[in-house]
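Notes for the structure review
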Amino acid sequence: MTTPPPQPPPELRVIAAGDSFREWASLNDTIMGGSSRAGCRISELGLVLEGEVVSEGGGFVSCRSPVYRPPLDLSSYSGLRLTLDGEGRSFKFAVACRDGVFGLTELIPGGLRWVTTVATESTGTTVVEIPFDRLQPVVRAKPVSLPVRFDPSCVTRLQLLHSRFGDDGQPNSGYRDGAIKMLVRSIEAF
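What this report covers is the structure whose coordinates are included nearby.

Conventions used here
Residues numbered from 1 in each chain as written. Predicted model: local features only at pLDDT ≥ 70, side-chain atom pairs only at ≥ 80, totals over all residues. Heavy atoms only, no water. Helix = DSSP H or I, 4+ residues; strand = E, 2+ residues; numbered from the N terminus. Buried < 20%, exposed > 50% of the residue type's maximum accessible area, 1.4 Å probe, protein only. Contact = heavy atoms within 4.5 Å. Disulfide = S-S within 2.5 Å. Core = buried A, V, L, I, M, F, W, Y, C linked by side-chain atoms within 4.5 Å.

**A word on the environment of serine 122**
The topology assignment puts serine 122 in the loop between β8 (113-119) and β9 (126-131). Of the residues examined, serine 122 reaches a relative accessible area of 57% and is grouped as exposed. The residues contacting serine 122, other than those within four sequence positions of it, are Glu87 and Gly88.

Next comes the structure, spelled out in structure tokens:
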């Protein structure tokens, strides 16, 4: 009996859509003394982040996935596609990975994240593809130059943030404080 040849991965893999957003939760600047408040909730269209962003003392709100156990193996894909309604704001999309460097990045306060900026249209839905090679390593909004490489075979968490700071640590030109409502329709690997 012969084993059939391995099948190529599907062109798209849905990471989160609909009910699979159920375990996502908010994380806001209150963890560092800020006063922004926002929450995540499921709607019939996807994940909604809604609340108020306050610059003083912090300046960020976010929704993040649960920790993926086991980690997602996305090594057969080139990147991630986000479909969202973001009111013309710029968001940071952050990816956490289990690292193969003896777990050293887990010892960094705040953790190492791989990020890029996602700009949205002022009305309607924005679809953006993020190649993995566009993700940059940061710790607490500050770029780092550690000898690490992004490893798509061990993705442990995803997060979308609206923050005063962009992926380069500089002020985010697409940032606005005040009321916010973002809808994440889906996240897919491509």
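**Quick word on the state of the cysteines**
Scanning all chains against the criterion turns up one disulfide. Disulfide pairing is shown between cysteine 40 and cysteine 63; the S-S distance is 1.7 Å. Every disulfide takes its handedness from the sign of the S-S torsion; for cysteine 40 and cysteine 63 that torsion is -125°, giving left-handed. Taken together, the residues cysteine 40 in strand β3 (residues 37-43) and cysteine 63 in strand β5 (residues 60-64) connect sequence positions 23 residues apart. Residue cysteine 40 is classed as partly exposed on the basis of its relative accessible area of 22%. Cysteine 97 takes part in no disulfide bond, and the closest cysteine sulfur to it belongs to cysteine 154, at a distance of 4.9 Å. Of the residues examined, cysteine 154 reaches a relative accessible area of 3% and is grouped as buried.

**A few points about the nonpolar core**
The biggest cluster of nonpolar side chains holds 41 residues, and the ones touching the most others in it are Leu80, Phe93, Val95, Leu158 and Ile187. A per-element tally of this core places strand β13 (residues 178-189) first, with five residues. In this structure, isoleucine 187 is in contact with Arg13, Val14, Ile15, Ala16, Phe21, Trp24, Leu80, Arg81, Leu82, Phe93 and Leu158, ignoring residues within four places of it in sequence. Within the second largest apolar cluster, five residues are counted, among which are Phe60, Ala94, Val138 and Leu161.

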